[in-house]
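# Results of the structural survey
Here is what each chain is made of, one letter per residue.
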Amino acid sequence: MRVYQVPVHTRLWLATALITCSLPQLLLGPVWQSLLLGVVVAIRWLVDHQRMRLPGRIIRGGLLVAAVGMTWFSFGRIYGPEAGVALLVSLFSLKYLEMVRQRDAYVVIVLGYFVCATALLFERGPGMFLFVLLSMLLLTAALVGINHSETKARASSHIKTGSVLFLQAVPVTVVLFVLVPRVAPLWNMQLDSGKARTGMTDSISPGDISELSESSELAFRVAFEGALPPAAERYWRGLTLSHFDGRTWQQAIPRGGAVDSYLYNGRGAPPDWYQQLQAQGKPQSGYSYQLIMEPTQRRWLFAMAVPMLEEGEASLARDMRLVARAPVTQRTRYSITSFPDLRPAIVLDVLERELMLSLPGDSFGRRARTLADQWRRDSRTDNEIVSRALRHFREQPFHYTLKPPPLTTDPIDEFLFRTQRGFCEHYASSFTFLMRAAGVPARVVVGYQGGEQNTLGSHLLVRQYDAHAWTEVWLQGQGWVRVDPTGAVAPDRIALGLRASLRGDEEAQDTLEGLDSFASGGLLGRLQQWTDYVDFRWQTWVLGYDNASQLQLLRHWLGEASPLRIAASLVAAISVLLTLYMLILLRQAGTRRQTVLEREFWRVHQRVEQQVGHPLAQGLSPQALARVIDLKWPKAGPLAHQWAVYYQQLLYNPGFGAGKAQIRHLRRLRNRLYKLLD
Amino acid sequence: MRLPAPLHDLYERWLSRRLPRSGRVVLNQKRIFIFPTGYGFFYLLVASLLFIGGINYENNLILALSFLLASLFLVAILHTYRNLSGLGIRNGDSESGFSGASGALEVILFPERRDHLCLWLYWQGQAAQQVSVTGGEESSLWLNIRLNQRGRILAPRLKVESRFPLGLLRTWSYVSLDHYCLAWPTPQEWPQCPADGGDDHSQQVPTGRAGNDEFQGLREYSPGDSLRRIDWKGYAAGKGLNTKLFEEPAGGRLWLRWDRLEGMGDEQRLSILCHWVLTLDQQQLPYGLVLPGMTLAPDMGDVHRWRALDALACYPEFD
């Protein structure tokens, strides 16, 4: 059997397309995959240049077994997303080696389209998408090439044809993307992007948050519909921690409380605390926003108090937080409205009160307890205790720093009375302890505070270094009230953010320099704003274009998102586009292209007219043109007649065979004629 | 795939009604058919797999890629169709042959307004040939044709096919050219020369030059003269191309006659006449041909031979 030869003009396209398609996987996957592809491309090159025979079935089979074996060795399995994609890319390379018929070339290319798409399972940025589009363009050029069986075709014409097809396909793609209804998944295939990320953990001990503050990674974005809350109100609550063992704060629920009554997901009978919340009615003013979470591998979301979910899959917890149904493993969008005025509606029952007043064993915080007792005795109301405590933090020489000295045995007392240097978790922790010791129910809240505004999209960008911890105290009649002791020590931290508050701090300088911010420089900052804006829009418009936003958009456009209207608009839009393309593609060329003979005649005609100096009569035949020449330049007469006769022979005598040689002869006659015309 | 016979007949009749014979055809919407190839279906399968993947992983980008593949396919329909649309096809020359052997027909492709790349042309039972029509110039193609019987062999229905640019779709058209190829009768040896005139008794084949034609002189060569009568010596000596003239053979003119072969079937008569035309031509004896309804005056040379053979092929309907 004759081995299929990829046309010479297409080999380069095919090899480039192959490498481009595999590249994302090669960069992620084990090294042997790159080696395999290199070997395959080299063998193919040698085979194409007749330097070696195509490896036989046994060698190809051996390579296949080796690829499967190596995949098993590297991933421990051959199914599942990572291993599956790795195997697919290896098979793709091997198929390229196995191209012995034209059919195989088609299979390689169509498989290539599939391989391209798998890269998008793991990375969904706009850059990766553009790269995948480029790979697809190269594949299309290769597809055009293998269909162009003329040996003299030029390689560059393939990419041209491919690009035209591509450019025309893109508007149709956009129509399909916008209008084709999003179906619910047929079966569940949650994909874990598996990246270990920095972020909040579900307990906090001294030093946890100051570690976070060294990362400028994105935590989440918030896009407000309407006014932004003032900077000092931007507290994004993540977790409330109510159990303290003297060192670490942890989440806890009241003794005897059922976990399922703690969360309400909007289905079934609402628990009593939710009913009481509902009884208040919806306040008029609230902040509406879209929260776009980065993957955290955790279930809790970040929102301002008291969040009500408009869109998305999450439940409301009793402590006014949102909890997603499953860990957030990929960027996810939630629509939320927060009603700060709803805070007083939250109740505190006896068991919960007991939890919020619980303290670790007596060995922790003795001096603190004494101080708290004194405040209790001197104050008439809980409110007054809070003010006294805040005054204490303000007046004592407390210092806000990223590099607090280590606390060894009794963190509360050591911090409050000895080191007095700490980060937000130190202040929140000791403040909450003091409140509980003074008999005021209190808890630590961790989350993020602040956020940087992108002026292009006017959305907030909350980074890991915005992580923060503060306290909430229960005051009769006011519900849970936020108290931020850090604000008492370092007001700039709350109003301007971490960077501003630490600007004068020598120790923190090297940490700060490593952190990104839009404020970091003129052009660079501007560029970062743009990058962030594109990323944000990509997230909201492309990746976040789901069933709900589709319905909303279609309702806006079509008035009603009925299947009939969607189908009709889909058909109409595509028909309009295709008709337009048809008109462009099949249009009658405005000016007919001159044939070679017509051009020859036209040239002589032009030349004579130019030399004579006045326009010639209309509709001259070659013979008549020769007579004109004869009259004006008798010397050139015979040659002119010879030219005319030859011309007519070429034009009308079918036996003459108007080939290239004849045209060349005609051209020679013309050139000789030119020399005689002067 | 073959259709059952009655359906196939219906289909053939529908085709010939839809695409009547003509000497010049420009392919247009009415004549062009289009359908995905096997690869096209494979490609659509991959696109649907991506669609399902995109839905299941709730990955909008993979969905977008599946839409892009589908859109490329839609756009490819237009481009594939365009590659055939506006292609003109007309009769060219023809090359006759003896029945039982093969002849050839020339088909000329001309562009109406655009280039047509990688076209495949063939008719039933022949290997496809590839041709491109570019640069506004005509391309011609010789297609072999089996000559199964004597007479005018009409061009079979020609299939013009193209898969350019993506090979995902095949577009084709049938062209019934009003073009024919003449199939000369198969020569059949027959000892008796069915000829009148000349020496009535010289029924044996006169061998060689026999000295009964005498050299008369030279005249300038004109196309169609037998190459064997050219004065090659003179040509080599630089006297130009001349044809030698001989006196009429002593026996006078030979008339090959249909009537002389009575009692035989038409085809056999024609075959015998054909044999004698070839024999006499080889011996460079002038001969005439008399068929019912047609007479060819005695002469000799290539052109004369062709005329005689064509007349035998056309019998009984001469133009």
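What counts, and at which threshold
- Residues numbered from 1 in each chain as written.
- Chains lettered and ligands numbered in written order.
- Predicted model: local features only at pLDDT ≥ 70, side-chain atom pairs only at ≥ 80, totals over all residues.
- Axes fitted to C-alpha atoms, helices over the stretch in contact; angles between N-to-C directions.
- Helix = DSSP H or I, 4+ residues; strand = E, 2+ residues; numbered from the N terminus.
- Parallel < 35°, antiparallel > 145°, perpendicular 65-115°, else oblique.
- Left-handed = near helix turned anticlockwise from the far one by under 90°.
- Contact = placed C-beta atoms within 7 Å.
- Nonpolar A, V, L, I, M, F, W, Y, C, P; charged D, E, K, R; others polar.
- Domains from an automatic or database assignment.
- Core = buried A, V, L, I, M, F, W, Y, C linked by C-beta atoms within 7 Å.
- Buried ≥ 20, exposed ≤ 12 C-beta atoms within 10 Å, placed from the backbone.

Taking an unreviewed UniProt entry as the reference, chain B is identified by name as DUF58 domain-containing protein belonging to Alcanivorax profundi.

### Observations regarding the packing of helix H1 (residues 8-28) of chain A against helix H4 (residues 81-97) of chain A
Residues and elements named next belong to chain A. Interaxial distance between H1 and H4 falls to 10 Å at its minimum, and their mutual angle equals 160°. With respect to H4, the axis of H1 lies roughly antiparallel. The two elements H1 and H4 meet at a crossing, and its hand is left-handed. Along the contact surface, H1 presents Leu18, Ser22 and Gln25, while H4 presents Val85, Ala86, Val89, Phe92, Ser93 and Tyr96. Tallied by class, residues from the contact of H1 with H4 come to six nonpolar, three polar and no charged.

### Comments concerning the packing of helix H12 (residues 366-378) of chain A against helix H15 (residues 424-437) of chain A
All names here are of chain A. Here H12 crosses H15 at 55°, and the two axes come no closer than 8 Å. Taken together, the axis directions place H12 and H15 in an arrangement best described as oblique. Handedness of the H12/H15 crossing: right-handed. Contact residues: H12 offers Ala368, Arg369, Leu371 and Ala372, while H15 offers Ser430, Phe433, Leu434 and Ala437.

### Quick look at the domain arrangement of chain A
Domain annotation for chain A reports domain 1 (8-179), domain 2 (203-359 + 443-523) and domain 3 (596-676). Each of domain 1 of chain A and domain 3 of chain A was reduced to a C-alpha centroid, and the two centroids are 56 Å apart.

### Description of the interface of chain B and chain A
Across the boundary between the two partners, chain B contributes 40 residues, which contact 45 residues of chain A. Broken down by secondary-structure element, the contributors of at least two residues to the side of chain B that touches chain A are helix H2 (38-56), helix H3 (60-84), strand E6 (116-123) and strand E7 (129-133) of chain B. The element best represented in the side of chain B that touches chain A is H3(B), accounting for 17 residues. Considering only residue class, the side of chain B that touches chain A consists of 26 nonpolar, 10 polar and four charged.

### What to know about the nonpolar core
A:Leu139, A:Ala142, B:Leu65, B:Leu69, B:Leu256 and B:Leu312 are the most contacted members of the largest nonpolar core, which totals 122 residues. Tallying contributions element by element places H3(B) first for this core, with 16 residues. Those residues in contact with B:Leu256 that sit more than four places away from it in its chain are B:Pro194, B:Ala195, B:Leu273, B:Trp276, B:Val277, B:Tyr287, B:Gly288 and B:Leu289. One finds A:Trp236, A:Met304, A:Ala314 and A:Val386 within the second-largest nonpolar core, a separate group that totals 83 residues.

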